[in-house]
Amino acid sequence: MNKLNQILKEVEKGNLTAELAARLLKPTEELGYASLDIQREERTGFPEVIFGEGKTADQILGIFLKLMEHHQKVLATRVDKEKATYVLGKLNELHNKETFDYKEEARTLYWIARDYTNEKKTGYIAVVCAGTSDLPIAEEAAITAELMGNKVERVYDIGVAGLHRLLNKTEIIEGADVIVVVAGMEGALASVVGGLVSKPVIAVPTSVGYGASLNGIAALLAMLSSCASGVTVVNIDNGFGAGYFAATVTNTIDRVVKDRRGRNV
């Protein structure tokens, strides 16, 4: 409603044409192969994210460019190196004054406008990873949370096979507002962390493991059956979903803190 009122006031003042106002209020942009939800940031706080897997490089590029017209951040996940190389080349040709980043391990391609001011939250999210093989999913979660305005502390390779490694890091894990735990194999790390901390734990099962792990099904079922309270679970290999959910929790915390400060003033 705030955006609607602002646009209508600009039309009333003569600073904005009715045609441009209608375009600004249009909820979608149609590309033929994609219908983009350009008002998602207004509703949820973050723009629509591109899922790159299954899309051609040209489709990713087209969506990326269109989202850049409406937002100051664009994120694409599951973009392999070949597609990323092509898309980055085109983006740099068209917007050579902007900076685009690609993280091969996490398969994330993203852009933040040069004039964007990012207000980091006071706390942080801990992304905890069982083994090195789980790093791509952990990094997807960490980068997503960072792009949504969070400080992220990475605590990697502390699986339960060497429990002393986890115990040496409990202080930094407990200090987080939200904890993302990424693990494959039997997925036990989420239960162990959930039993040690007082913060919400988001468990991410990965498809890492030998035959009986069934490409992450064993870890998924173990996490869903966790005896530790306060553990919630996302889909197999869904680092993006975990990072996004963790950020929505910190957004809520940040909003409550600011409201209380405002009332005190």
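Here, the structure is the one placed above.
Here the structure is a predicted model, which is why all the values come from computation and not from measurement.

Asker: Can you lay out the sheet that holds strand S6 (residues 108-112) for me, pointing to particular residues and giving the numbers?
Answerer: Taken in spatial order, the four strands of this open sheet run S3-S4-S6-S5, and their pairing is mixed. At either margin of the open sheet sits one strand with a lone partner, and together these are strand S3 (50-51) and strand S5 (100-103). Here four bridges tie S5 to S6, and the two strands are oriented antiparallel to one another. Its bridge partner lying in S6, Asp-101 is registered against Tyr-110. Contacts between helix H6 (residues 135-147) and the sheet are confined to strand S4 (73-77), S5 and S6, with S6 contributing the most and set at about 15° to the helix.

Asker: An account of helix H10 (residues 217-224) is requested, with residue identities and associated values reported.
Answerer: Among all positions of H10, only Ala-219, Leu-220 and Met-223 are buried. Around the axis of H10, the buried residues are gathered within 100° of arc, so they sit on the same side. Looking at the buried residues of H10, the elements they touch are strand S9 (178-183), helix H9 (189-194), strand S10 (201-205) and strand S11 (231-233).

Asker: Any chance you could break down the side chain of Thr-206 for me, citing the residues and the numbers?
Answerer: One can find Thr-206 in the loop between S10 and H10. A residue is classified by how much of its surface remains accessible, and Thr-206, at 1% relative accessible area, is buried. A polar contact is formed between the side chain of Thr-206 and the side chain of Asp-134, at a distance of 2.7 Å. Polar side-chain contacts of Thr-206 include one of 3.3 Å to the backbone nitrogen of Gly-184. When neighbours within four sequence positions are excluded, Thr-206 is seen to be in contact with Asp-134, Ile-137, Val-182, Ala-183, Gly-184, Gly-216, Ala-219, Ile-236 and Asp-237.

Parameters at a glance
- Residues numbered from 1 in each chain as written.
- Predicted model: local features only at pLDDT ≥ 70, side-chain atom pairs only at ≥ 80, totals over all residues.
- Heavy atoms only, no water.
- Pairing = 2+ DSSP bridges.
- Helix = DSSP H or I, 4+ residues; strand = E, 2+ residues; numbered from the N terminus.
- Contact = heavy atoms within 4.5 Å.
- Axes fitted to C-alpha atoms, helices over the stretch in contact; angles between N-to-C directions.
- Buried < 20%, exposed > 50% of the residue type's maximum accessible area, 1.4 Å probe, protein only.
- Arc of directions from axis to C-beta.
- Polar contact = N/O pair within 3.5 Å; in protein donor to acceptor, adjacent residues only side chain to side chain.

Distances and angles like these do not, on their own, reveal function.
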